[in-house]
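Observations on the model geometry
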Amino acid sequence: MAGDRGKEAGPPEDPALERVGAAVEAAAAAPGDYRNAYKRQLLALSRRIRLLGPFAEELRERRAPQRGQEEEERALAPLAAALEGALELLRLGREGSRISLVLERDKVMKNFQGVISQLEQALCDIPYNELDISDEVREQVELVHAQLKRAKERIDMPDDEFYNDLLSLYNKNYVPSAEQAILERLSEKLHLMTITDLTQESLALHEMVASGDGQDPGEHIEKMSMLLKKIKDFVQTQNPEMGPPMPSKVLDSNGDPRPAAVPTIVPEEFRCPISLELMKDPVIVSTGQTYERACIQKWIESGHHTCPTTQQRLSNTALTPNYALRSLIAQWCEANGMEPPKRSSQPNKPMPACSSSERANIDALLSKLCSPDPEEHRSAAAELRLLAKRNANNRICIAEAGAIPLLLSLLSSSDLRTQEHAVTALLNLSIHEDNKASIISSGAVPSIVHVLKNGSMEARENAAATLFSLSVIDEYKVTIGGTGAIPALVVLLGEGSPRGKKDAAAALFNLCIYQGNKGRAIRAGLVPLIMGLVTNPTGTLMDEAMAILSILSSHPEGKAAIGAAEPVPVLVEMIGSGTPRNRENAAAVMLHLCSGEHYLVHLARAQECGIMVPLRELTLNGTDRGKRKAVQLLERMSRFLVQQQEEKESQLQASAQVLPQATSEQVQESDIPEQLDSPATQYPMAL
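Every chain begins its residue count from 1, and numbering advances along the sequence as written. Confidence filtering applies because this is a predicted model: local features only for residues at pLDDT of at least 70, side-chain atom pairs given and counted only at 80 or more, and all residues used for totals across whole chains, interfaces and linings. The side-chain quantities take in all heavy atoms of the structure and omit both hydrogens and water.

Let us now look at the overall build of the chain. Every helix listed is a DSSP run of H or I at least four residues long, and every strand listed is a run of E at least two residues long, numbered separately from the N terminus. Along the chain, the regular secondary structure elements total 35 helices and three strands. Note on classification: 1.4 Å probe, protein chains only; a residue is buried when its accessible area is under 20% of the maximum for its type, exposed when over 50%, partly exposed between these limits. Per-residue burial for the chain yields a buried fraction of 46% across its 687 residues. Per element, the accessible surface of the chain, about 34,100 Å² overall, is 53% carbon and sulfur. Here the Shrake-Rupley method, with its probe set to 1.4 Å, supplies the accessible areas, and only the displayed protein chains count as covering residues.

Quick look at the structure:
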């Protein structure tokens, strides 16, 4: 037993911290394709976990000293366990049987409530001060905590009709005449409309058999398997192109699903190599192979970086519409008495309100973008730029028509005007939230950064504005920061036009919210530029500069760079006479400086500049955040002044003790007669 205790004496370094970081990274990397009854709840849970990314990043960058690791372990262990439970629920949402998730809704919702409650409690108990978490990150974590607290109090069950429909088929107690209507509703709500979806559900049922889940898995799985067969037969009846109805058993003797083949009458070149279905929206990848758009997008979003057919690595993720093949497929369908396949609209997205003439105009413009004529490129890009600017419906239509990859290809054009039109069209398209993901997944950021570095001034301005628009999404901050965008934005902030500087500042602020980007910005020389804007007598970009300075001051390198720029006088002046928001940010910067390595220097300088009066005024009339910062600064200043006074009194006391002793010695020496120094006085004189 003694030997066992000896092995346990050295726990692994920061296991809870690593578990928290790994869980957040896993949630960010996992695909968000939750095609089941709990899609909204699962997406909300995934989003809240991803919002903890800056918190996990800051914890990893700030390592606890050896003596503090035990306390850190205790503080983070509940959060690590809660996140791991949430990840398991998200995995079940992605990979579990859609039918089973609905049938067991009470159990699933209880699981949801347990995970949310555990996460909420873990975030509630985090000791932020002990972990030395920056204010910005703390506020983001508190926002997630507030969202979880509200979610904990609300139970959001799948609708009763959905549940009752599924239960009636499962128990075979439905009215036969209503069967078709029930199957139609279920196939839509369960998202079981394609061979891929149906095969995935069959695999999920097989996994349940393998895991032995449930009291009587044989009967339970058999019922769900027959229910799935009914749905698939119905879907295939409605869509003959899918292939023949599924066999009598959903699972074969080996437990493996047998996806149905597409009718052989369809020419091989018209079928998607992934789904084997007739292509509706064929697109070309970088290797030259053609796939159905939805299939290859799902392949890429699942983390694959190779071409499914050739296994070559994809040089980029751009998808170019194959107009020629689409036209051939339409001609073949008409010649064989079939209706040409229509491209399916994105699920859960509003149908664009483009008229047929507007859509025809957009398609004509995209055809021009595929032309070898540079003049047509320029004119088409200019028109798409204006159309995308006009309204939201145009932005949806243009993106769905496949414009984004074509516009991206023009960002490397040698014609600066074409380049400008293309990047501005992308900027206008990015205003629509759903288009942001399409732009990022197409590998757009390096090309946008190329324009930011090398384009005309207007193109550079709009490239910066595009990066700002995309960086609104937290996970895209990481993507953009890792592509060299930040140094290029810093250059534009220094040498751009007034509008270019404003766009660059806005993009830099957004990107620097992510902790990992702060160091990149600081090393790119952002702090001297920002200090120049703060001290600029014209006050140009003062609000933006103070906001960025506040964010950078929470980073160790930023704190050092700001401190080296002699910022205290201007910050004290800002606290006293700035706008409410700038006073708040100035106080935040001062607070970070006064808790750093050279805090005594900054506190002393702040005292010299008369900071106490404006701080007291800020505690009374500032914003809520400004008041908090001012109170914390006053506490630090008060401790500093008390310490200074104690040191002064101690020095005076020490001087007072030394002075009497020195005086006494001087008196004793002065009392000795001078004659004693003479040899003649060493002997008594005769009287």
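Before going further, it helps to spend a moment on the pattern of salt bridges. By salt bridge we mean one thing: a side-chain nitrogen of Lys or Arg within 4 Å of a carboxyl oxygen of Asp or Glu. According to the stated counting rule, one finds 27 salt bridges in the structure shown. Close ionic contact of R91 with E95 constitutes a salt bridge, the shortest N to O distance being 3.2 Å. Of this pair, R91 and E95 both sit in helix α5 (residues 69–95), four residues apart, roughly one helical turn. Using a relative accessible area of 32% as the deciding quantity, one classes R91 as partly exposed.

Attention now goes to the sheet that holds strand β2 (residues 290–292). Only strands that DSSP links by at least two bridges are regarded as paired with each other. Read across the sheet, three strands follow the order β2-β1-β3 without closing on themselves; strand pairing throughout is antiparallel. Strands with a single pairing partner mark the edges of an open sheet, and in this sheet they are β2 and β3 (320–321). Two strands pair when backbone bridges link them, and strand β1 (residues 282–284) and β2 are joined in this way by three bridges, in the antiparallel orientation. Along β2, the bridge assignment pairs I284 with T290. Packing of helix α14 (residues 293–301) onto the sheet brings it into contact with β1, β2 and β3, and relative to β2 it is tilted by some 95 degrees. Two residues qualify as a contact provided that any one of their heavy atoms is within 4.5 Å of a heavy atom in the partner residue. Structural elements are reduced to axes, namely lines fitted to C-alpha atoms, with helices fitted over the stretch in contact, and the angle between N-to-C directions of any two is expressed from 0 to 180 degrees.

Our next topic: the confidence of the model for the chain. Summary statistics for the chain give a mean pLDDT of 79 and a share of 81% for residues scoring 70 or more. In predicted models, pLDDT denotes the confidence assigned by the predictor to each residue on a 0 to 100 scale. Mean pLDDT values for the elements of the chain range from 37 in helix α1 (residues 2–8) up to 95 in helix α22 (residues 445–454). Scored below 50 in pLDDT, residues 345–353 makes 13 contacts in the model with residues more than four places away or belonging to other chains. In this model residues 666–687 is a low-confidence stretch, pLDDT under 50, and it forms two contacts with partners more than four residues away in sequence or in other chains.

Tracing the chain through its elements places G610 in the loop between α33 (599–608) and α34 (612–621). For G610, a relative accessible area of 34% translates into the label partly exposed. A C-alpha to C-alpha distance of 9.9 Å links G610 and G576, two positions 34 residues apart in sequence.

The next thing to look at is unusual backbone geometry. Backbone geometry follows two general trends: most residues other than glycine have a negative phi, and most peptide bonds adopt the trans configuration. Positioned with a positive phi, H191 is a non-glycine residue whose angle comes to about 55 degrees. In this structure, H191 sits in the loop between α11 (179–189) and α12 (195–211). A residue is classified by how much of its surface remains accessible, and H191, at 17% relative accessible area, is buried.

Let us now look at helix α25 (residues 485–495). Within α25 the residues assigned to the buried category are A485, I486, A488, L489, V490, L492 and L493. Buried residues along α25 sit in contact with α22, α23 (457–470), α24 (474–481), α26 (498–512), α27 (515–523) and α28 (526–534).

In this section: the environment of G303. With respect to the element layout, G303 can be found in the loop between α14 and β3. Measuring from C-alpha to C-alpha, the distance between G303 and A30 comes to 8.7 Å, with 273 residues separating the pair along the chain.

Moving on to the packing of helix α16 (residues 356–369) against helix α17 (residues 374–390). Packing of α16 against α17 brings their axes to within 8 Å, and their N-to-C directions diverge by 145 degrees. Helix-helix and strand crossings are classified by hand; for α16 and α17 the assignment is left-handed. Contacts between α16 and α17 pair N361, I362, L365, L366, K368 and L369 from the former with E376, H377, S379, A380, A381, E383, L384 and L387 from the latter. We call Asp, Glu, Lys and Arg charged. Ala, Val, Leu, Ile, Met, Phe, Trp, Tyr, Cys and Pro are nonpolar, and the rest, Gly among them, are polar. Along the lines of polarity and charge, the residues of the contact of α16 with α17 split into eight nonpolar, three polar and three charged. Should the near helix be turned anticlockwise from the far one by less than a right angle, the crossing is termed left-handed; should it be turned clockwise, right-handed.

Before going further, it helps to spend a moment on the packing of α27 against helix α30 (residues 556–563). Relative to each other, α27 and α30 sit at 30 degrees, their axes nearing to 8 Å. Considering how the two elements wind past one another, α27 and α30 form a crossing that is left-handed. Where α27 approaches α30, its residues G519, I522 and R523 are matched on the opposing element by E557, G558 and A561. Considered class by class, the residues forming the contact of α27 with α30 number two nonpolar, two polar and two charged.

As for its placement among the helices and strands, H555 is situated in the loop between α29 (542–552) and α30. Not counting the four nearest positions on each side in its chain, H555 is found in contact with E61, Q515, K518, G519 and I522.

This part covers α34. Residue pairs three or four apart in sequence face the same way in an α-helix, which turns once every 3.6 residues. For α34, the full list of buried residues reads M612, P614, L615 and L618. Here the buried residues of α34 occupy an arc of 165 degrees about the axis, which is enough to place them on one side. Exposed residues pointing more than 90 degrees away from the buried face of α34 are listed as V613, L620 and N621. Working definition: the arc comes from the directions between the helix axis and the C-beta atoms, pointing outward to the latter.

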